[in-house]
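# Descriptive structure summary
Next come the chains, spelled out residue by residue.
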Protein chains: 2
Amino acid sequence: MLPLLELRRFQKHPWSRQTSIFFHFSLPNAFLYSCQGTRDFGKEQMAIRDRAFSIITGVFKMHGAVALDTPVFELRETLMGKYGEDSKLIYDLADQGGELCSLRYDLTVPFARYVAMNNISSLKRYQIAKVYRRDNPSKGRYREFYQCDFDIAGVYETMEPDFEVIKVLTELLDQLDIGSYEIKLNHRKLLDGMLEICGVPPEKVRTVCSSIDKLDKQTFEQVKKELVDEKGISNETAEMIGDLVKTRGPPLEVLLELRKEGSKFLENKGSVVALNELEILFRALDKANAIGKIVFDLSLARGLDYYTGVIYEAVFKGTTQVGSIAAGGRYDNLVGMFSGKQVPAVGVSLGIERVFAIMEQQETEKNQVIRATETEVLVSIIGKDLIVAAELVSELWNSGIKAEFKLTTRISNHLKYAGQSGIPWMVLVGESEISSGKVKLKNMTSTQEEEVERTKFVQVLEERLRNSV
Amino acid sequence: MLPLLELRRFQKHPWSRQTSIFFHFSLPNAFLYSCQGTRDFGKEQMAIRDRAFSIITGVFKMHGAVALDTPVFELRETLMGKYGEDSKLIYDLADQGGELCSLRYDLTVPFARYVAMNNISSLKRYQIAKVYRRDNPSKGRYREFYQCDFDIAGVYETMEPDFEVIKVLTELLDQLDIGSYEIKLNHRKLLDGMLEICGVPPEKVRTVCSSIDKLDKQTFEQVKKELVDEKGISNETAEMIGDLVKTRGPPLEVLLELRKEGSKFLENKGSVVALNELEILFRALDKANAIGKIVFDLSLARGLDYYTGVIYEAVFKGTTQVGSIAAGGRYDNLVGMFSGKQVPAVGVSLGIERVFAIMEQQETEKNQVIRATETEVLVSIIGKDLIVAAELVSELWNSGIKAEFKLTTRISNHLKYAGQSGIPWMVLVGESEISSGKVKLKNMTSTQEEEVERTKFVQVLEERLRNSV
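Not measured: the values here are computed from a predicted model.

### Observations concerning the overall build of chain A
Secondary structure assignment for chain A yields 18 helices and 16 strands. Seen along its three principal axes, the alpha-carbon backbone of chain A occupies a region of about 95 × 60 × 45 Å. Here chain A holds 469 residues, and 56% of them are scored as buried. A separation threshold of at least 6 residues defines the contact pool for chain A, and within that pool the share at least 24 residues apart is 65%. Total accessible area on chain A stands at roughly 20,500 Å², and carbon and sulfur atoms take up 49% of it. Looking at chain A, you have 61 positive and 66 negative side-chain charges, and the mean spots of the two groups are 4 Å apart.

### Digging into the sheet that holds strand β12 (residues 377–382) of chain A
Residue and element names in this part refer to chain A. With respect to topology, 5 strands assemble into an open sheet ordered β13-β12-β14-β15-β16, the strand pairing being mixed. Each edge of the open sheet carries a strand with a single partner, namely β13 (403–408) and β16 (449–453). Between one strand and the next, the sheet's axes are offset by a mean angle of 25°, whatever the strand orientation. As judged from the 6 bridges shared by β12 and β13, these two strands associate in the parallel manner. By the bridge assignment for β13, Ile382 is matched with Thr408.

### Overview of the sheet that holds strand β8 (residues 294–297) of chain A
Strands in a sheet are paired, the pairing made by backbone hydrogen bonds, and the direction either parallel or antiparallel. Residue and element names in this part refer to chain A. Across the sheet, 9 strands lie side by side as β1-β4-β5-β11-β10-β9-β6-β8-β7; this open sheet has mixed pairing. The sheet is open, and its two borders are formed by β1 (66–67) and β7 (248–249), each paired with just one other strand. In terms of strand pairing, strand β5 (residues 144–153) meets strand β11 (residues 345–350) through 6 bridges, oriented antiparallel. Bridge pairing in β11 links Cys148 to Leu350. Strands in contact with helix α12 (residues 269–287) are β6 (181–187), β8 and β9 (310–316); relative to β6, the strand with the most contacts, it is inclined by about 150°. Against the sheet, helix α14 (residues 352–366) makes contact with β5, β9, β10 (324–330) and β11, and its axis sits at roughly 120° relative to β5, the strand it touches most.

### Quick word on a nonpolar patch on the surface
Taken together, the side chains of Ile382(A), Ile411(A) and Leu415(A) define a hydrophobic patch exposed on the protein surface, amounting to about 190 Å² of accessible area. On the basis of relative accessible area, Leu415(A) is assigned to the partly exposed category, the value being 32%.

### A few points about the pattern of salt bridges
Residue and element names in this part refer to chain A. For the coordinates displayed, the defined rule picks out 76 salt bridges over all chains. The residue Glu182 makes a salt bridge to Lys317 at a minimum N-O spacing of 3.8 Å. Residue Glu182 is found in strand β6, and its partner Lys317 is found in the loop between β9 and β10; the two are separated by 135 residues along the sequence. In this structure, Glu449 and Lys440 form a salt bridge, with 3.8 Å as the shortest nitrogen-oxygen distance. Relative accessible area serves as the criterion here: at 43%, Glu449 is assigned to the partly exposed category. Taken together, the shared-partner salt bridges in this structure form one network comprising Glu182, Arg248, Asp297 and Lys317.

### Structural notes on the relation of the copies chain A and chain B
Relating one copy of the chain to the other takes a rotation about an axis and a shift parallel to that axis. Laying chain A over chain B is done by rotating through 180° and shifting 0.0 Å along the axis; what remains is an RMSD of 0.1 Å. Taken together, the rotation and translation describe the operation of a two-fold axis. A share of 98% of interface residues in chain A that are also interface residues in chain B marks the association as one of identical surfaces.

### Comments concerning the interface of chain A and chain B
Facing 105 residues of chain A, the contacting portion of chain B comprises 103 residues. When the two sides are added together, the surface that chain A and chain B hide from each other amounts to roughly 9,400 Å², 59% of it contributed by carbon and sulfur. Taken together, the links from chain A to chain B amount to 10 salt bridges. A salt bridge links Glu157(A) to Lys384(B), with the nearest nitrogen and oxygen atoms 3.9 Å apart. For the pair chain A and chain B, the interface holds 34 residue pairs in polar contact (both at pLDDT 80 or more). When residues in the side of chain A that touches chain B are grouped by element, the largest group, 7 residues, is from helix α15 (residues 386–398) of chain A.

### Regarding helix α10 (residues 235–244) of chain B
All names here are of chain B. Those residues of α10 that fall on the buried side of the exposure criterion are Thr237, Ala238, Ile241, Gly242 and Leu244. Along the long axis of α10, the arc covered by the buried residues comes to 170°, so they all point the same way. The outward face of α10, more than 90 degrees from its buried face, is lined by the exposed residues Glu236 and Asp243. Those residues of α10 that are buried lie in contact with α7 (188–198), α8 (205–212) and α9 (220–230).

### Thoughts on the side chain of Thr373(A)
Secondary-structure assignment places Thr373(A) in the loop between α14 and β12. Within the structure, Thr373(A) has its side chain in polar contact with the side chain of Thr375(A) (distance 3.4 Å). Those residues within four positions of Thr373(A) in sequence are excluded, and the remaining contacts are Glu404(A), Gly64(B), Ala65(B) and Val66(B).

### As for the pairing of β16(A)
Residue and element names in this part refer to chain A. Here strand β15 (residues 438–443) pairs with β16 via 5 bridges, running antiparallel. For Lys440, the partnering residue across the bridge sits in β16 and is Glu451. Once β15 ends, the chain turns through 5 residues before running back antiparallel as β16, passing Thr447 with a positive phi of about 60°.

### Quick look at unusual backbone geometry
Positive phi, close to 70°, is recorded for Met159(A), a residue that is not glycine. Position of Met159(A) among the secondary structure elements: in the loop between β5 and α6 (160–176).

### Examining the packing of α15(A) against helix α18 (residues 457–468) of chain A
Residue and element names in this part refer to chain A. Across the interface, α15 lies against α18 with an axial gap of 10 Å and an inter-helix angle of 45°. Looking at the two axes, α15 sits oblique to α18. Handedness of the α15/α18 crossing: right-handed. Across from Leu392, Glu395 and Leu396 in α15, the residues of α18 making contact are Phe457, Val458 and Leu461.

### Looking at the environment of Phe282(B)
All names here are of chain B. Inspection of the secondary structure assignment puts Phe282 in helix α12 (residues 269–287). Phe282 gets classed as buried once you look at its relative accessible area, which sits at 0%. C-alpha separation for the pair Phe282 and Val131, spaced 151 residues apart in sequence, amounts to 32 Å. Here Phe282 is in contact with Leu185, Pro251, Leu252, Leu255, Ile291 and Phe296, once residues within four sequence places are set aside.

### Focus on the pairing of β12(A)
All names here are of chain A. The buried fraction of β12 is high, at 5 of 6 residues. In this region the chain leaves β12, passes through α15 and returns to the parallel neighbour β13; the handedness of that crossover is right-handed. Both β12 and strand β14 (residues 425–429) contribute to a ladder of 5 bridges, which runs parallel. Paired with Leu378 across the two strands is Met426, which belongs to β14.

### Focus on helix α15 (residues 386–398) of chain B
Residue and element names in this part refer to chain B. For α15, which comprises 13 residues, the first-to-last C-alpha distance of 18 Å matches the rise-based estimate of 18 Å (1.5 Å per residue) to within 8%. A large share of α15 lies buried, amounting to 10 of its 13 residues. Along α15, the residues that are buried comprise Leu386, Ile387, Val388, Ala389, Ala390, Leu392, Val393, Ser394, Leu396 and Trp397. Residue Asp385 occupies the N-cap position of α15, its side-chain oxygen lying 3.1 Å from the main-chain nitrogen of Ile387. Trailing α15 by a residue or two, Gly400 shows a phi angle of about 80°, which is positive.

Conventions and cut-offs
- Residues numbered from 1 in each chain as written.
- Chains lettered and ligands numbered in written order.
- Predicted model: local features only at pLDDT ≥ 70, side-chain atom pairs only at ≥ 80, totals over all residues.
- Heavy atoms only, no water.
- Helix = DSSP H or I, 4+ residues; strand = E, 2+ residues; numbered from the N terminus.
- Buried < 20%, exposed > 50% of the residue type's maximum accessible area, 1.4 Å probe, protein only.
- Contact = heavy atoms within 4.5 Å.
- Areas by Shrake-Rupley, 256 points an atom, 1.4 Å probe, with all protein chains shown as cover.
- Lys, Arg positive; Asp, Glu negative; His and termini not counted.
- Charge placed at Lys NZ, Arg CZ, Asp CG, Glu CD.
- Pairing = 2+ DSSP bridges.
- Axes fitted to C-alpha atoms, helices over the stretch in contact; angles between N-to-C directions.
- Patch = residues over 30% accessible without salt bridge, like charges linked within 9 Å, V, L, I, M, F, W, Y side chains within 5 Å.
- Salt bridge = Lys/Arg side-chain N within 4 Å of Asp/Glu carboxyl O.
- Least-squares fit on C-alpha atoms with pLDDT ≥ 70 in both.
- Buried area = accessible area lost by both parts, 1.4 Å probe.
- Polar contact = N/O pair within 3.5 Å; in protein donor to acceptor, adjacent residues only side chain to side chain.
- Arc of directions from axis to C-beta.
- Parallel < 35°, antiparallel > 145°, perpendicular 65-115°, else oblique.
- Left-handed = near helix turned anticlockwise from the far one by under 90°.
- Right-handed = clockwise from strand over helix to strand, strands pointing away.
- Expected span 1.5 Å × (residues − 1).

Nothing here speaks to function; it is all geometry.
Pasting the structure below:
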């Protein structure tokens, strides 16, 4: 029993104060909440998540990636200076003595910290884990959500790991089968070159990039206003940027366009390096049948500061507007920020929560029952005899048949349970079966029943289950 | 590059201040740490963990349990008043505005909160997740570790779920195959009855239980001293307790002993209820061939206050002394503490970190290479031609063959890598192979090589891999 003192301690959800009078007279469980922006995942959701994780892990293993698990919190110092303005969203642990720690904000920084700390020179790893951001739940943003990262660190030939990361991204999205998508791709050095060509002074390149990054949500007119009014870019330069960022299309075609005689990009050193790299990347992706979904898009800028080479972002094109579902790029300096020793790296992060949302919606549309268990047989004992149940169900378990058991005086409850759970077979045992040494098997699909010898029921069920596969 | 200001921010590990002069002149990565009591799990550890999780999940699914995932932090109020003295080990999140949250301390309380909050009347769920305790890392205790819980909530026939939870525990420990173990088992009502019989006043029952709980680590003389000197129990009562807690042995035999004519337990109401329940439980476990590892032990008390019925603890009996590897029991009042509505429950928590430790030690003793990947083929390109590599390896990936690729001018690096990673096949492609339209296949076990047509190499490898299984 809950002591009164204990009861009073439960606070109402702070967001629904307006209804507090009603709730105060309601049951105590009206005062029970989990933290804002967090969720429990119940059985149907977990079944969908498990399916997604299994597809994703399968792709990673196909590429020889190893799993890595890092702590949920890191030293606060590790996270500082990595996320720009978004650092304000980092969750801190309370200072209860000892070092200051914060919950991880993403999986990239812990990966870089791991590589640096263990003096690793090359690693292809994946990690599927939750990350934490004190974002605004009122905008529908979760504060705890899964990320799913694949990264390759180490020195390789030009575009060797970049090719594989993008190939992995296409395999993930194809195999998850959540609808059509495109992968927008650009190169930081090409972007910087473009801005140089347009006359943006070097010290303003990063801030202009931040403005360009908004082009997927704002019109060019809005972005131009920001460039001219807030960032002091000349009208002429802004117009020139506006012209160039329109460039988008099939990778090899756009590449040809940017390299044709008279192109200003050919006079810009960084751009030439980028275009040469991109040629190798595109030709490799072409050979791997993975170029069809790629769109070379000069307006892609990506917010994070740490990217140094190829950058990309996958966008879902289905009826549900969920926007970006994956993003990544090359970040050659992040590991070095920790260790002082440069280890180049490239990776991608899949926004798996959006994938789940799409998969859940698809299941709902199909109107299918999502089975939360894999139970094959329900042993239903009419009566209260646990001993009989224990013996029967254990024989099934010991034979590797997934089984549940229930005791009751009302068989209708069991039939209902088996139906709702999608359990294909029932074993029915009442007093008459016990006295005659038999059990009744019921096929829940055909509703047919058969009586079999108690001593043979496992064998018969094994056969029936094998035949139904 | 790391700016100097950034560099200075990295603190040394506070516990090794004595060596700070040395470290200050060393590389920056000497200043890189993760938080105290936390660990990264690298590829070999993850491979072992994956194997364990897969066995454990298999057992849970065999019993029709559903997965549940809860947030890593809960409202602080949810955790308050559940862990007695251990509450001081709870990690709090910093107060950054909004509600106060704390990291979960175990998986039982979040489960009870979930059942209460969603007004669930019955649920069989498992959860494998990390929990957090601000314990002392200097004693080798981790502050972040996995727990692995299986619980059944709801109203059932007597001992119906208790039987299944203990059966699951034996299946887990049998299938993990980590060495011999025993499961000590007792009943809270029997324990309370025993103390009543010995003359312990009701208000001292819980505190005497805490003392008895130490009997696995202390001698009875030490415990008796605590009972008499600190807890004000008479010498006579303490001696009587000392006599009774010695009772242990095969369940059905001990049961017979406690029920034989003249036994004081027969005059104690709570004890009679407990003995009747235990008879049903033991007979069911006997029928399920799961009683062999159970030891009925009157000295088992279990620290946590919330247990109300059967309690148990699995102890590993291998050469490594790791003590308790799993524990659980019936807790009929915990859900009601949240909702006011009683939902009885019973469960077990597997101390999976100890299981990992044993499995890792076993692997080390076997001196086997733990494969961290499942890669079947390494495509080794002599040269720098990513395009050739991309085409070859993509054909393997698209055929469902797990493959990695590498470009190099030094083939010896690739041979070494394939050997260390345990990759069974290599595809070798140099200039001569490219010009002749062939590739070389190398079996890494037999070291035999064969040249095959470029157009047929996937097919040949598929056959070779199929035959080697």
